Amino acid sequence: MKQVLIVGGANGIGLAVGTILADRPEVERVHIVDKAPLQAQYKKPKISSYEFDLTSEDYSFFDQFTDIDTIFISAGFGKLALLKDVPDAIINTYFQVNTIPAMRLIRRFYSKLESDKPFYCGVMVSISAYLSSPFFSVYGATKAALRFFIESINVELEKGGSDNRVLNISPGSIKGTSFNQGQTDLRQTEALANEIIENMEQRNDLFIPQYEEIFKKVLERYQADFREEGRRSYDYKLNSGRL
């Protein structure tokens, strides 16, 4: 990794990945693109920051990043709410931020993925892409779409003879991010960011953090009885203190 583009990197896990890579001697430049400005305390000599609204129709802004060999897409938002409490207009925004930008950007840099040269690509998806998630119905739908998109194009890349893959990163709730009105704390996200970088470097196609510890059993329960696991998820969120 030498020339890195991080989309959605002004805070949270995107910022954590960006700051770690910016400290590596082999990395030449980290480009951070976000709707929000990069705060002064996170700026580093190798980091260039840009402000861009991913809901824009015109993506020619990204024409300037022709020399990148890495892209990490972490833009996204979500708020726990029952569907009846989600404004109609926000449904469009969910897809315009969480889903469509990743599809457009991967399509934009697809020739690099098809290349014989290593190209490192990671996308923040969510464990909610794998199971029903009450209070996150729209958010989960945006991430499920990303999951199947990534799985499909990875097969296309394999059949086309490329060793490059798009890494689907599907965690549960992450502490230390601004997701769901939280606060960025790089100390809490550092370990996960390093794991993400390692999986991207290996050009893996799937990384579920805490899989053995937590999510293997959750997914097994879901496969056995998705209705009951949905009820369990509903009660868990209701009692989590996050609402």
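Placed above this text is the structure.
Residues numbered from 1 in each chain as written. Predicted model: local features only at pLDDT ≥ 70, side-chain atom pairs only at ≥ 80, totals over all residues. Heavy atoms only, no water.

Draft legend 1. Region of interest: the overall build of the protein chain. Summing up its helical and strand segments, the protein chain has eight helices and seven strands in all. Relative to its length of 243 residues, the protein chain is compact, with a C-alpha radius of gyration of 18 Å against a globular reference of 18 Å. Based on the C-alpha atoms only, the size of the protein chain along its principal axes is roughly 50 × 45 × 35 Å. The 243 residues of the protein chain split such that 49% are buried. Surface summary for the protein chain: the accessible area is close to 12500 Å², and the carbon and sulfur share equals 48%. Of the charged side chains in the protein chain, 29 are positive and 32 negative, and the gap between their average positions amounts to 3 Å. (Helix = DSSP H or I, 4+ residues; strand = E, 2+ residues; numbered from the N terminus. Rg over C-alpha atoms; globule rule 2.2 N^0.38 Å. Buried < 20%, exposed > 50% of the residue type's maximum accessible area, 1.4 Å probe, protein only. Areas by Shrake-Rupley, 256 points an atom, 1.4 Å probe, with all protein chains shown as cover. Lys, Arg positive; Asp, Glu negative; His and termini not counted. Charge placed at Lys NZ, Arg CZ, Asp CG, Glu CD.)

Draft legend 2. Up close: a negative patch on the surface. On the surface, Glu195, Glu198, Glu212 and Glu213 cluster together into a patch of negative charge. At the level of secondary structure, the elements contributing two or more residues to the negative patch comprise helix H6 (186-201) and helix H7 (211-224). Residue placement: Glu198 occurs in helix H6. (Patch = residues over 30% accessible without salt bridge, like charges linked within 9 Å, V, L, I, M, F, W, Y side chains within 5 Å. Salt bridge = Lys/Arg side-chain N within 4 Å of Asp/Glu carboxyl O.)

Draft legend 3. Spatial organisation of the sheet that holds strand S5 (residues 120-124). Sheet architecture is open: seven strands sit in the order S3-S2-S1-S4-S5-S6-S7, paired in parallel fashion. Looking at the sheet topology across the chains shown, the edges are occupied by strand S3 (47-51) and strand S7 (206-207). The pairing of strand S4 (residues 70-73) with S5 spans four bridges and is classified as parallel. When the bridges of S5 are listed, Ile71 appears paired with Cys121. Lying on the sheet, helix H3 (residues 100-108) is in contact with strand S1 (3-7), S4, S5 and strand S6 (166-169); it crosses S4 at an angle near 170°. Relative to S6, helix H5 (residues 137-159) is tilted by about 150°, and along the sheet it contacts S5 and S6. (Pairing = 2+ DSSP bridges. Contact = heavy atoms within 4.5 Å. Axes fitted to C-alpha atoms, helices over the stretch in contact; angles between N-to-C directions.)

Draft legend 4. Region of interest: the packing of aromatic side chains. On inspection of all chains with the given rule, the structure shows 13 aromatic pairs. Between Phe52 and Phe61 the ring centres are 4.8 Å apart and the planes differ by 10°, which places this aromatic pair in the stacked class. There is no split in this pair, since Phe52 and Phe61 are both buried. Look at Phe61 and Phe62: their rings are 5.1 Å apart centre to centre, the planes differ by 85°, and that puts the pair in the edge-to-face class. Exposure class is identical for Phe61 and Phe62. Each is buried. Linked through ring pairs, Tyr50, Phe52, Tyr59, Phe61, Phe62 and Phe65 together constitute an aromatic cluster. (Phe/Tyr/Trp six-rings, centres within 6.5 Å; stacked < 30°, edge-to-face > 60°.)

Draft legend 5. Helix H2 (residues 88-98), seen in detail. Inspection of H2 places Tyr94, Val97 and Asn98 among the buried residues, and these make up the whole buried set. End-on view of H2: buried residues confined to an arc of 85°, all on one side of the axis. Exposed and oriented more than 90 degrees from the buried face of H2 are Asp88 and Ala89. Tucked into the core, H2 has its buried residues touching H3 and H5. (Arc of directions from axis to C-beta.)

Draft legend 6. Quick look at the environment of Leu238. By the element assignment, Leu238 lies in helix H8 (residues 226-238). Between the alpha carbons of Leu238 and Pro134 there is a distance of 9.6 Å; along the sequence they are 104 residues apart. The residues contacting Leu238, other than those within four sequence positions of it, are Phe135 and Leu243.

Draft legend 7. Inspection of the pairing of S4 at higher detail. Of the two faces of S4, both are covered, the one formed by Thr70 and Phe72 as well as the one formed by Ile71 and Ile73. Strand direction decides the pairing type here: S1 and S4, joined by four bridges, are parallel. Pairing of Val7 across the sheet is with Ile73, part of S4.

Draft legend 8. Focus on the side chain of Asn98. Structurally, Asn98 is set in helix H2. On the accessibility criterion, Asn98 (2% relative accessible area) is buried. A distance of 2.9 Å separates a polar atom in the side chain of Asn98 from the backbone nitrogen of Phe77. Side chain to side chain, Asn98 and Thr142 meet in a polar contact 3.3 Å long. Apart from residues lying up to four places away in sequence, Asn98 is in contact with Ala75, Gly76, Phe77, Tyr139, Thr142, Lys143 and Leu146. (Polar contact = N/O pair within 3.5 Å; in protein donor to acceptor, adjacent residues only side chain to side chain.)

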